[in-house]
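Observations on chain architecture
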Amino acid sequence: MIYEKNMHSQDDTEQFALKLANLLQAQDTITLEGDLGAGKTTFTKALAKGLGVTRTVNSPTFTIIKQYEGRLPFNHLDVYRLAESDEDLGWDELFYGDAVSVVEWAHLIEPDLPQERLAIEIYRIGEHDERRFVLIPHGKRYEALCEELIK
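The structure contained in this document is the topic of the report that follows. Keep in mind that what you see is a predicted model, and the values were worked out from it rather than measured.

**Considerations on the pattern of salt bridges**
One pass over the full model with this rule turns up four salt bridges. Arg117 serves as the salt-bridge partner of Glu110, at 2.6 Å between the closest nitrogen and oxygen. For Glu110, a relative accessible area of 40% translates into the label partly exposed. The closest approach of N and O atoms between Glu148 and Lys151, which form a salt bridge, is 3.1 Å. By relative accessible area, which is 36% here, Glu148 ends up partly exposed. When its relative accessible area of 71% is taken as the criterion, Lys151 is described as exposed.

Rendered as structure tokens:
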């Protein structure tokens with residue numbers, strides 16, 4: 001099943017991310033897709049805040065991964081620069097450790113992603129900060145998570 005939720009402001013996006021953060025547990029993986037400027041990093045910053053991360057979170061575009069401490073360890077990956085790479089970066093250690101992971105541009109490492117995950121696509125709609133979030137759960141845990149999140 002696919003779930004959709006429209007956000008009418010940046011505050012809506014942040015509240016949605018905070019709600020999701022409260023439902024996450026170790027080894028959860030969220031993948032994010034969307035055009036440049038769609039709001040992937042804004043969403044991720046709010047998610048990190050909801051996980052208790054107090055450091056400034058910004059896009060790891062040039063470092064590929066940034067790791068943070070919070071209620072749960074938090075991995076923020078931006079794999080855009082890996083489009084032409086087949087390098088093994090130890091994905092198993094990241095995705096199956098004790099952290100929550102968010103992967104921007106996840107389609108570029110599709111074969112390396114956990115089979116069970118929550119895929120989120122973000123689309124701009126209308127003017128300003130309006131966005132459509134399309135949630136695609138892979139696995140029963142993520143299906144239940146979406147049901148709770150969309151309530």
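**Thoughts on the packing of helix H1 (residues 10–23) against helix H4 (residues 140–150)**
At their nearest, the axes of H1 and H4 sit 10 Å apart, and the two run at 135° to each other. Regarding the angle of H1 to H4, the classification is oblique. Taken as a pair, H1 and H4 cross one another with a handedness that is right-handed. For the pair H1 and H4, the contacting residues are Phe16, Lys19, Leu20 and Leu23 in the first and Arg141, Leu145, Glu148, Leu149 and Ile150 in the second. Residues that form the contact of H1 with H4 fall into these classes: six nonpolar, no polar and three charged.

Conventions adopted
Residues numbered from 1 in each chain as written. Predicted model: local features only at pLDDT ≥ 70, side-chain atom pairs only at ≥ 80, totals over all residues. Heavy atoms only, no water. Salt bridge = Lys/Arg side-chain N within 4 Å of Asp/Glu carboxyl O. Buried < 20%, exposed > 50% of the residue type's maximum accessible area, 1.4 Å probe, protein only. Axes fitted to C-alpha atoms, helices over the stretch in contact; angles between N-to-C directions. Helix = DSSP H or I, 4+ residues; strand = E, 2+ residues; numbered from the N terminus. Parallel < 35°, antiparallel > 145°, perpendicular 65-115°, else oblique. Left-handed = near helix turned anticlockwise from the far one by under 90°. Contact = heavy atoms within 4.5 Å. Nonpolar A, V, L, I, M, F, W, Y, C, P; charged D, E, K, R; others polar.

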